[in-house]
Amino acid sequence: MTSSQHRPLHWQAALCMKPPYVVRRQFVSTSLGPLLLLEKEHPTGVFLPRHDHEEGNFTLILSGGNRETVQGRDHDCGPGTLLVKPGDAHHENRYGDRPTRSFVAAWLDNRQSAAAPRGIRFRERGLAVDAAWRMYAEFLNPSVDAALIYEGLLWEVLTESPSTTRRQPPSWLRQVHNRVVEEYRRGLSLQTLAREASVNPEHLSRAFRAYYGIQLGHYVQRLRTEWVANALRSSPRSLAQIAQEAGFCDQSHLNRVFGRAVGISPGRFRRERRATRSREV
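Fair warning: this is a prediction, and the values are worked out from it, not measured in the lab.

This part is about the nonpolar core. Membership of the largest hydrophobic core comes to 37 residues, with the highest contact counts inside it found for Trp 172, Val 180, Leu 204 and Val 228. Elements that contribute at least two residues to this core include exactly helix H4 (146-159), helix H5 (171-183), helix H6 (190-197), helix H7 (201-212), helix H8 (216-234), helix H9 (239-246) and helix H10 (251-262). For this core, the element with the most residues is H8, which contributes nine residues. When near neighbours in sequence (up to four residues on either side) are disregarded, Trp 172 contacts Ala 197, Val 199, His 203, Leu 204 and Ala 207. Phe 58, Ala 128, Ala 131 and Ala 146 belong to the second largest nonpolar core, which has 25 residues in total.

Moving on, we get to the side chain of Thr 59. Following the sequence through the fold, Thr 59 ends up in strand E4 (residues 56-63). Accessibility expressed as a relative area gives 13% for Thr 59, which makes it buried. For Thr 59, the residues in contact, after removing those within four places along its chain, are Thr 81, Leu 82, Leu 83, Lys 85, Ser 102, Phe 103 and Val 104.

Across a sheet, strands are paired by hydrogen bonds formed along the backbone, either parallel or antiparallel in direction. Taking strand neighbours across the sheet as the criterion, the four strands line up as E3-E8-E5-E6 in an open arrangement whose pairing is antiparallel. In this open sheet, the two strands that pair with only one neighbour each are strand E3 (47-51) and strand E6 (73-77). Strand-to-strand twist in this sheet, taken as the mean axis angle between neighbours without regard to direction, amounts to 15°.

Before going further, it helps to examine H5. Residues that lie three or four places apart on an α-helix share one face, since the helix turns once every 3.6 residues. Its 13 residues place the ends of H5 18 Å apart at the C-alpha level, agreeing with the 18 Å of an ideal helix rising 1.5 Å per residue. For H5, the full list of buried residues reads Trp 172, Leu 173, Val 176, His 177, Val 180 and Glu 183. For H5, the arc enclosing every buried residue in end-on projection is 150°, short of the 170-degree limit, so these residues lie on one face. Opposite the buried face of H5, by more than 90 degrees, sit the exposed residues Gln 175 and Glu 182. Elements in contact with the buried residues of H5: H6, H7 and H8.

The buried fraction of E4 is high, at seven of eight residues. Pairing of E4 with strand E9 (residues 100-107) involves seven bridges; the strand directions are antiparallel. Among the inter-strand pairings, Asn 57 is bridged to a residue of E9, identified as Ala 106. Sheet analysis places E4 next to strand E7 (residues 82-85), joined by four bridges and oriented antiparallel. When the bridges of E7 are listed, Leu 60 appears paired with Leu 82.

Pairing within the open sheet is antiparallel, and its six strands lie in the order E1-E2-E9-E4-E7-E10. Each having just a single partner strand, strand E1 (21-30) and strand E10 (121-123) make up the two edges of the open sheet. Between one strand and the next, the sheet's axes are offset by a mean angle of 15°, whatever the strand orientation. Taken strand by strand, helix H3 (residues 127-140) contacts E1, strand E2 (33-42), E4, E7, E9 and E10, and its axis lies near 80° from that of E4. Along the sheet, H4 contacts E1, E2, E4, E7, E9 and E10; its crossing angle with E1, the most-contacted strand, is approximately 100°.

The tally for this structure, following the rule as stated, stands at 15 salt bridges. A salt bridge links Glu 92 to Arg 94, with the nearest nitrogen and oxygen atoms 2.9 Å apart. For Arg 94, a relative accessible area of 39% corresponds to the partly exposed category. One connected set of salt bridges, linked through shared partners, spans Arg 24, Glu 39, Glu 41 and Arg 101.

At their nearest, the axes of H4 and H7 sit 9 Å apart, and the two run at 95° to each other. In terms of axis orientation, H4 runs roughly perpendicular to H7. Contacts from Gly 152, Trp 155, Glu 156 and Thr 159 in H4 reach Pro 201, Glu 202, Ser 205, Arg 206 and Arg 209 in H7. For the contact of H4 with H7, the residue count by class is two nonpolar, three polar and four charged.

As a further point, take unusual backbone geometry. For Gln 71, which is not glycine, the phi dihedral falls at a positive 50°. Looking at where Gln 71 falls in the secondary structure, it is placed in the loop between strand E5 (66-70) and E6.

If you walk through the whole model with that rule in mind, you get nine aromatic pairs. Judged by centre distance (6.2 Å) and plane angle (75°), the ring pair of Trp 133 and Tyr 136 falls under edge-to-face. Here Tyr 136 and Trp 133 lie together in helix H3, a separation of three residues that amounts to about one turn. On the basis of relative accessible area, Tyr 136 is assigned to the buried category, the value being 13%. Ring pairing ties together the aromatic residues Phe 58, Phe 103, Trp 107, Trp 133, Tyr 136 and Phe 139, which thus form one cluster.

Quick notes on the rules
- Residues numbered from 1 in each chain as written.
- Predicted model: local features only at pLDDT ≥ 70, side-chain atom pairs only at ≥ 80, totals over all residues.
- Heavy atoms only, no water.
- Core = buried A, V, L, I, M, F, W, Y, C linked by side-chain atoms within 4.5 Å.
- Buried < 20%, exposed > 50% of the residue type's maximum accessible area, 1.4 Å probe, protein only.
- Helix = DSSP H or I, 4+ residues; strand = E, 2+ residues; numbered from the N terminus.
- Contact = heavy atoms within 4.5 Å.
- Pairing = 2+ DSSP bridges.
- Axes fitted to C-alpha atoms, helices over the stretch in contact; angles between N-to-C directions.
- Expected span 1.5 Å × (residues − 1).
- Arc of directions from axis to C-beta.
- Salt bridge = Lys/Arg side-chain N within 4 Å of Asp/Glu carboxyl O.
- Parallel < 35°, antiparallel > 145°, perpendicular 65-115°, else oblique.
- Nonpolar A, V, L, I, M, F, W, Y, C, P; charged D, E, K, R; others polar.
- Phe/Tyr/Trp six-rings, centres within 6.5 Å; stacked < 30°, edge-to-face > 60°.

Structure representation (structure tokens):
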């Protein structure tokens, strides 16, 4: 087992001198390296003395708030604020009169750290904050494409570079788009697509969203969902078979992603379409 595999537990233990309640935790292995994702709740009145973490990380405040002093500078972090810190940034935390819930992501690999800001970044709005909220939404309901989605959104949090939308994407991006359309039911990684296009993963992520108006991982989810909807209309195959052919881990994964996108379960979707056809006959 590598040292990076030990780090999530070490990181959580070193998170503070008085441990918070960890509501949810995910350790995600991506092509860009491992990510530790935490949803935490700190009780009122907690003070965490000066400490640091080996890995870079960001904190998105979901509710409540705290004052975080990072390398001698105070940041009043209320709901919806984002604080991005490089590794080894000394900081302390003071929590107020309300419980504070936060979403934390720590990148545990130099491949991710290379793109991270070297200084402290504090944001109350903007592209990075939007991307962090989308990461949290995926964290609550992870899909089969979660790793790909996390990769793209993490780059948006770290780089926060707005892109200019153009009418025609460059040829390399059209080739990436065409491959995604042809192979979305297979496992795709941002790293592989970027390497084959001879561009950096973060550049691919930003360019795809700029030209096609959607984050790459969400586009893959949309294609899977559309394929499933067509299969439910036209095929007698079981939901488990359709889930497997669409590239989902299992039927429950399909139910979660399809329900979130369409608003109803795959089973109900199929029943309603069959009822509609029967009335039309």
